[in-house]
Amino acid sequence: MTRKACMAPEFTFLCPLPNGFHARPASHLATLAGKFTSECTLLNQRNGRTADLKSVLSLIAADIGLKDECSVRVSGEDEQAACRALEVFIAQELPGCDVPLPEISPNGANGLLPRSLRSNGLESYSGMPVSRGIGYGKVVMIGGMIPPDLTAVKVDDPELEQERAKQGMEGVRTRIRQKLAGHISSTERAILEAHLAILGDASLTNRILEKISQGRPASQAILETAEFFSGLLQNSESQYIRERADDLHEISHDILHEIYGAKFQRTVELTEPSVVVVEKLTPQQLLDLDRTGIRALVMESGGATSHAVILARSLAIPTLIGVKNLPQFLSPGQEIIVDANRGVVIPKLTPVARRYYERELTTQQKRQAALVRDAMASAITVDGRAIEVAANLSSAEELEPAFSNGADGIGLFRTEMLFAGREQPPSEDEQFEIYAQAARAARGRPVVLRIFDIGADKPVPYLKLPAEDNPFLGFRGVRLYEQHQELVRGQIRAILRASAVGRVHMMIPMVATREEIVWVKAQLAQAQNELTERQMPFDPAMPVGIMIEVPSVAFILDQLCEEVEFFSIGTNDLVQYFFAADRGNPRVAHLSNVRHPSFLRFLKQIVDEVHKREKHIGMCGEMAGDISHLPLLLGLGLDGISAASSEIPILKTRISRLCMSDCQSLLSSALQCKNAAEVDSLLAAGTLNSPESSLLDRDLVILNSKSESKEEAIREIINSFYVEARTNDPDQLEEAVWTREEVYSTGLGHGFAIPHCKSDAVITESIGVLKLSQPVEWGALDGQPVHTVILLAARESNANGRHMQVFSQLARKLVSEKFRLQLDQAEDVNAVLECLGNELLISS
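Figured I'd write up the structure that's included with this text. (Residues numbered from 1 in each chain as written. Predicted model: local features only at pLDDT ≥ 70, side-chain atom pairs only at ≥ 80, totals over all residues. Heavy atoms only, no water.)

### A word on the overall build of the protein
No. 1: For the protein, the count of helices and strands is 31 helices and 28 strands.
No. 2: The buried share of the protein, reckoned over its 844 residues, is 55%.
No. 3: Counting contacts in the protein only where the partners sit at least 6 residues apart, residues at least 24 apart contribute 70% of the total.
No. 4: A total of about 35400 Å² of accessible surface is found on the protein, and carbon and sulfur atoms cover 49% of it. (Helix = DSSP H or I, 4+ residues; strand = E, 2+ residues; numbered from the N terminus. Buried < 20%, exposed > 50% of the residue type's maximum accessible area, 1.4 Å probe, protein only. Contact = heavy atoms within 4.5 Å. Areas by Shrake-Rupley, 256 points an atom, 1.4 Å probe, with all protein chains shown as cover.)

So this is what it looks like as structure tokens:
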């Protein structure tokens, strides 16, 4: 950032926001500029557009993207103070005003019908899946929201009409604030705050009032103003900013609804399972719908990053966008299927389609139930090593989902989120209530409360932190505690009080030296004395730990182990400090690779040093939440990991399939690699499958199957693999089976088929068995239909020939009438497993 010497104060900066200036960062900047009387103007030097810094909409319309060079000029009575304040805000706080955009991955979505439905002549239409899942129900169409006669109103008293508009806007503001005061998700909160910021924009209000003064009715003035500003936004080069035009239409609808009430009908009742079909949906429309009745969303237009789509994803509603000509093939009350995994709408729910998707939904339910069921138990490796799998969270609202998903505790409660987005810090009592709520919900499981980690990408305006050239290496975390001693001690008292309610731990962030820990422990001792004087209970032995985020602590762990009881590795910061590469800088982000051998060696040094002194060490960074990293983490010997709640079931399941000794061997190989690519290859090689006994599993044996075709039979076996977490991508695995099947039929004759494949879509080499109630055509060599299907699946990258050995054994055995009869007569799962296990010399 640079300043220029000129008549009016001026400075330049590069936009640090990956998503550019949308409503949230713009509102923060506009609020600050509005505190001064001086004119504050911004110029985007890339496109020449100017903006009034006091106007959210003007800033958004300037189309400011990442790394755009902008100049700010301030002119007026308080220009010096205004310029200094704006410069500090942009340098220190603006980088933390952005939010990451949701990533939309194709992930197998090809707009094609499932294989078993393609030959049935089903009609289908494709769209882009933006929220995964499957839903079916009756079509509920939401049409235009503004009755045409509202614009044909004669205005006799412009001042009265202006007052009407003002009251409408104030009514919307009041409703938004009421919602913000309630228990809502972080996604809903972000959207409502953005709408509140736009609604409070002076340029929006002034333009509406000006048009009314020219003789237009409020309805027309509101609509024309929304069109004007949305037109400015739609000229942006950024899709994200273009889609913010929808927010303007949403706000105009809200104001009209507030003014005209019953005449402006926007609520839709869902009396039965429904698929909502609309040209374009607003967030408020979605929030107004009965969420128990909505099964899916289909939109003709709308973007992948629109607020309605972001909200739908947070609510786990299957959603497709870009489905063209909806009114031509859909009508109200029509029962349809939305497959937002593949990206198709099936407008006619035929018996075959209904049957297929009912099975798919049942499979999804079984899969989730199996994962959650298994997650309730401890995560223990095949060779008996228990690993704690805890949850990372930022609010009390996340507690119930965390423990419902099997969290062994709360490994990281980011308390700084309680301090953000408000005019003053939370009181000690307010904090205590939240921390105590967490301790009670944990029911004896550990809850690690991190003292607030403010600064860098988490600014808090009321602390008035100074501007810094490099805030990530600056005044943040534990480093700012001495200057805010009362705030820190108030939080420590709240944490101590919560320790009397449950098993609470306290963790210190951003530690670089022993002195910082000693200082915090002194505050802890003083807080204990204060609570003793107030006769408030607390746990005097409450464990204290630190985050390992700064490389320097790795070289004084012998000293730190004397001061604290536990450690948690925060890989997000540690890896970028280790490589001296900002993970947010696209030019160097690739250097911050947690799989690089040098970083893995560093982690091993840390874990070994802590364990040498018999202290607990876990990991709570993004590395811990990536299932592909588990072999490395287990190999390191971590005592626990902490990740997003939604990842806990699959993490626990995967741990239970791994062998600790194998993971240690893999880590040893990884430490000898020369680069991250070689480590990637090691992990992809799939050498960490469960022991050979897992080839057969009782949950992979299906008796009395009702499948009516070859396609259904193959899918049913593969779905059993998916339920038991033997594959995370059943579609890819199914295609691998059919690739083999299309070369030659695997029907061996005598009513038996042995489909097989090699694919990395299968996690563990597996055998699935399906015995059909009624034989199906298979194209067998002897022309006989098939009544027994045995599917073999092996990993492509770990092709050791084992599955072909089993295949050959099976083929030879099936020649024997005695073996076929024995398998035919096996009437229960145990008998099937015993028959196959004995003959193939494998165990279940």
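Moving on from the coordinates now.
### Points about the sheet that holds strand E6 (residues 125-126)
Hydrogen bonding along the main chain pairs the strands of a sheet, whether they run parallel or antiparallel.
No. 1: A sheet is described by the order of its strands in space; here eight strands give the open sequence E6-E13-E12-E8-E9-E10-E11-E7, paired in mixed fashion. Either end of the sheet is taken by a strand with one partner, and the two such strands are E6 and strand E7 (128-131).
No. 2: On the sheet, helix H12 (residues 307-314) packs against E7, strand E10 (294-299) and strand E11 (319-321) and is oriented at approximately 60° with respect to E7.
No. 3: Across the face of the sheet, helix H14 (residues 351-375) comes into contact with strand E8 (134-142), strand E12 (335-339) and strand E13 (344-346) while running at roughly 115° to E8. (Pairing = 2+ DSSP bridges. Axes fitted to C-alpha atoms, helices over the stretch in contact; angles between N-to-C directions.)

### So, the side chain of glutamate 549
No. 1: Note on placement: glutamate 549 falls in the loop between strand E19 (544-548) and helix H19 (557-560).
No. 2: Glutamate 549 gets classed as buried once you look at its relative accessible area, which sits at 3%.
No. 3: Of note is the side chain of glutamate 549, whose polar atom sits 2.7 Å from the backbone nitrogen of methionine 510. (Polar contact = N/O pair within 3.5 Å; in protein donor to acceptor, adjacent residues only side chain to side chain.)

### Digging into the side chain of arginine 450
No. 1: Position of arginine 450 among the secondary structure elements: in strand E17 (residues 447-450).
No. 2: Overall, the relative accessible area of 5% leaves arginine 450 in the buried class.
No. 3: The residues contacting arginine 450, other than those within four sequence positions of it, are Leu412, Phe413, Arg414, Thr415, Glu416, Gln491, Met507, Pro509 and Met547.

### Describing the nonpolar core
No. 1: The biggest cluster of nonpolar side chains holds 97 residues, and the ones touching the most others in it are Tyr481, Ile508, Phe567 and Ile569.
No. 2: Of all hydrophobic cores here, the second largest spans 58 residues; its members include Ala33, Leu59, Ile198 and Leu199. (Core = buried A, V, L, I, M, F, W, Y, C linked by side-chain atoms within 4.5 Å.)

### Here we look at the pattern of salt bridges
Side chains that differ in charge, positive against negative, can pair when their charged atoms come close.
No. 1: In this structure the tally under the stated criterion is 42 salt bridges.
No. 2: Close ionic contact of arginine 164 with glutamate 161 constitutes a salt bridge, the shortest N to O distance being 3.6 Å. Taken together, the residues arginine 164 and glutamate 161, both in helix H5 (residues 158-181) and three residues apart, mark about one turn of the helix.
No. 3: When its relative accessible area of 9% is taken as the criterion, glutamate 161 is described as buried.
No. 4: Sharing partners across several salt bridges, the network here consists of Glu428, Asp429, Glu486, Arg489, Arg493, Arg497, Glu530 and Arg534. (Salt bridge = Lys/Arg side-chain N within 4 Å of Asp/Glu carboxyl O.)

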